Amino acid sequence: MLQAGAGLSTERDSARAAAEAAIFALRSADLERADLVLVFATTPHGPGFTCVTRTAGEVCGTAQVVGCSAAGVLRPWPCPP
């Protein structure tokens, strides 16, 4: 069965943002680890995008990370606290 979660962070530090969003995503899906992580980050995180993908993968317990950066990211609803 496919389980998916969503997480969001407004943190400015790329590593903290990735960790926070990954934790929220795992919690929203009631998971301890993920087989695959999809990461979308705003352009201010572009210079630290390698850190973002690495951190998200480490938090989620997987090396399977796919993502991109964009000028804006739509917030999931309802938004995490």
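Structural data are supplied above this passage.
Residues numbered from 1 in each chain as written. Predicted model: local features only at pLDDT ≥ 70, side-chain atom pairs only at ≥ 80, totals over all residues. Heavy atoms only, no water.

Student: Would you explain the environment of leucine 26 in this entry?
Tutor: Mapped onto the fold, leucine 26 is located in helix α1 (residues 14-28). Leucine 26 gets classed as buried once you look at its relative accessible area, which sits at 10%. Between the alpha carbons of leucine 26 and valine 59 there is a distance of 9.1 Å; along the sequence they are 33 residues apart. Discounting residues that sit within four places of it in the chain, leucine 26 has contacts with Leu31, Glu32, Arg33, Ala34, Val59 and Cys60. (Helix = DSSP H or I, 4+ residues; strand = E, 2+ residues; numbered from the N terminus. Buried < 20%, exposed > 50% of the residue type's maximum accessible area, 1.4 Å probe, protein only. Contact = heavy atoms within 4.5 Å.)

Student: What should I look at first to understand unusual backbone geometry in this one?
Tutor: A negative phi angle characterises most non-glycine residues, just as the trans form characterises most peptide bonds. You will see that aspartate 30, though not glycine, has its phi angle at about 55°, which is positive. Mapped onto the elements, aspartate 30 comes out in the loop between α1 and β1 (37-42).

Student: Can you help me understand α1 in this one?
Tutor: Here α1 contains 15 residues, and its C-alpha end-to-end distance of 21 Å stays within 8% of the 21 Å for a straight helix at 1.5 Å per residue. For α1, the set of buried residues is Ser14, Ala17, Ala18, Ala19, Ala21, Ala22, Phe24, Ala25 and Leu26. Along its buried surface, α1 packs onto α2 (49-60). Between the side-chain oxygen of the N-cap and the backbone nitrogen of alanine 15 there are 3.3 Å, and the N-cap of α1 in question is aspartate 13. Just downstream of α1, aspartate 30 is the residue with a positive phi angle, here 55°. (Expected span 1.5 Å × (residues − 1). Polar contact = N/O pair within 3.5 Å; in protein donor to acceptor, adjacent residues only side chain to side chain.)

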